[in-house]
Each structure stands twice: as C-alpha cells, then as structure tokens.
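Results of the structural survey
Listed below, chain by chain, are the residues.
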Amino acid sequence: MTIPRPSVLLVDDEPRTLELLGQVLERSGFDLSLASSPGSAVELLRSSRFDAVVTDVVFDGWSEGGLVLGAAREHQPEAVVILMTGYPALEAAVAAVKQGATDYLQKPVDPVVLAAYLHRSLKERDMSSPTLAFKDLVDILTSMVAHTIERVDPYTAGHGSRTRKYCRMMAQRTGLDDATRERLELAGIAHDYGKIYLDDLSFLTKKGPLTPEEYAAVQKHPELGAKKLGHHPHLKDVCRYVAEHHEKWDGSGYPKQTKGEDISLAGRILGVVEVFDSLATKRSYKDGWELSKVVEFLKSERGRHFDPAVVDEFLVLLESHGEDWLRAPQKDREAAGVVAAD
Ligand SMILES: [Fe+2]
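Residues numbered from 1 in each chain as written. Predicted model: local features only at pLDDT ≥ 70, side-chain atom pairs only at ≥ 80, totals over all residues.

1. Focus on the sheet that holds strand S1 (residues 7-11)
Sheet architecture is open: five strands sit in the order S2-S1-S3-S6-S7, paired in parallel fashion. Each edge of the open sheet is held by one strand with a lone partner, namely strand S2 (31-35) and strand S7 (103-106). The mean angle between the axes of side-by-side strands here comes to 20°, regardless of whether they run parallel or antiparallel. Judged from the five bridges that link them, S1 and S2 form a sheet pairing that is parallel. Bridge pairing in S2 places Leu9 opposite Ser33. (Pairing = 2+ DSSP bridges. Helix = DSSP H or I, 4+ residues; strand = E, 2+ residues; numbered from the N terminus. Axes fitted to C-alpha atoms, helices over the stretch in contact; angles between N-to-C directions.)

As structure tokens, then:
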C-alpha cells in the first residue's frame, strides 16, 4: 500500500539548487514538485494541493518570493511556507512571518536542515488541529479507495492520486466549474474501481498480450465501476466519467463506442490523463515510456483517441511538468515497496 508522502512545492530559479535540495527532500520522504519561476509556482498553487511550500525570495534580481507566499496563503492556507534568501535582513524576515511564512532560512540552505525543518513544521501543524476538516475526511476516504484498487493491481501504485492531480490541473486549464472539477477528481481516483469486481484478475500481472476473452473481461471495468460506486445523487456525474474513461473521440473506444462531444468534457479529460499515466508506468509487460515517445503518441492520437482541444491543453502542461510526471510512477512504486518485475 502506498503511504501518502507530504507534498512539497520547491521554488527556485537556480536549477542546481532545485536539484540539490530536491534530491535530499525526496530521499527524506517528500513528494516533490518543482517550479523555476514565481509564475509557474502560482499556477501550481492554484491547481494542486501542497503540505508545504519552500521558495526562494529573489528571482533574477527581483524580490518576487512574496508573490509565491501570497498565493500560498490564498490557495493553501494550511500549507507550511518556508522562505529562502541569499539577502537576509531582519525586517524582511519579520515581514515574511507577518504575511504568514512559517520560517525563514538563509541561503545556502543545508538540505538536511531543510528536511528536518519541514518534518518538524508539518508535525506541529498536524498536532495543532485535532479535529478533522471535511477535506481531510475526503482525502482519507479517497486514499482508501485508491489503495483498494492498488491492492488488486500493485503496478498501479499511486495511479489514482496522480490521475486526480493531473485532472485537477486540466480542469483549471479548461475552465471547468468547481463542482465538475471536484467530481472529476473523484473519478480520477476511482476510475478503475470496477477492476476489483472482475472475476479473474490474473491478467493484471500477465506478461504478454491479453487473449480476446481476457480483453473482453477487462472491458467490463468502466461500467462495473460506475455501478459499484453507488447511487448517491452527488455521484451521478462521477459514475458517468468513470463509465466513459475508455471511450474515444472517434467512437472506437469501449464500452459504448460513445463519440466526440457525446462524451462529457470531464470524461474526455480523464481519458487523456489516464492514458498518459499508464504509458508512464512500467507494467509486467512493458517499460514506462520516454517523454518524447509519449508526446509523439498523444499527438498521433489527436482527433482519433483524444479530443484535439483537450490533448492540446494537456501537451502544454507536459511542457512544464512532463519529466516530473514521467518519473512519478516509479517513485510511487518504490514508496509502496513494489519490486520492479522484468
Ligand atoms: Fe481503466
């Protein structure tokens, strides 16, 4: 089972600093996202949830760390925020803490010290709020659903969480309203829920191609998942997106061969995101793909498997996050203790 790792956004315009700090933070048990500019950090803060933000203060000679701090406070009020600067000044430190920074470190920052600061600050934050917020409950329950799916298919460790994260960013890019985005996020977690109800699961770890019978069985999982998720009124759209996640823009998908805009926009987004993460994931029968090969494939299926407008937006996200997102499945598998099979 994947043990959730605290998510940290690390922001610095020096690639070497990102690399050095990033390596140690990853080894220290954090799930890391990187941003090399305040603008890309603000975009991530709007669309993804982080437990902590560590940001440089001065970018290209401009003191823009405040932008990141402001966005963190607006969009992630629970996050721990640590500022780093090569130009320490007591007034600046006091001002930063008044704006809501948790701590203020002088560069060069010792990565081991930073990791210890983060662990301590997150522990203090968690201890300070003994009651569960609604979003904590949602996170706990969605995590349980994701782990249940991973139980039957260990290769998919973290697949649901990653799909949820990428869906959330796509929802922002495509202008989905909050209610639809929330339902899409739930579908991102639960899209393969139907797999746990399939009679024979041996194909999930099979080496080599599926037999026609096995493939026919697999094709039942979208509708099975939608049915088994239940009948709560708030789940109606979630069930629709789950049922649609293997449909294709040209009508050649399954189970219903739904076509074009008859597939919901959320379902079309889930379809692209889910394929991307599957391509990035090593399976019993294949290695994870390189980014160039993934991009080439997504482009080749533009207007066939995928809605052209949706895949275009996703390709923009890959320009900034593609390399990180391709490494994510392997990191999650290692965290879950899944041994790579040849
Ligand atoms: Fe699926």
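2. Observations concerning unusual backbone geometry
At the junction of Lys107 and Pro108, the peptide bond is cis and its omega measures out at 0° in the coordinates. Along the chain, Pro108 turns up in the loop between S7 and helix H5 (111-128). At the junction of Tyr254 and Pro255, the peptide bond is cis and its omega measures out at 10° in the coordinates. Along the chain, the position of Pro255 falls in the loop between helix H11 (236-244) and helix H12 (265-280).

3. Quick look at the packing of helix H8 (residues 178-190) against H12
Running from N to C, H8 and H12 cross one another at 40°; their axes reach a closest spacing of 10 Å. On the basis of the axis angle, H8 is oblique to H12. The chirality of how H8 crosses H12 is right-handed. Contact with H8, carried on its side by Thr180, Arg183, Leu184, Ala187 and Gly188, involves Ala266, Ile269 and Leu270 of H12 and no other residues of that element. Considering only residue class, the contact of H8 with H12 consists of five nonpolar, two polar and one charged. (Parallel < 35°, antiparallel > 145°, perpendicular 65-115°, else oblique. Left-handed = near helix turned anticlockwise from the far one by under 90°. Contact = placed C-beta atoms within 7 Å. Nonpolar A, V, L, I, M, F, W, Y, C, P; charged D, E, K, R; others polar.)

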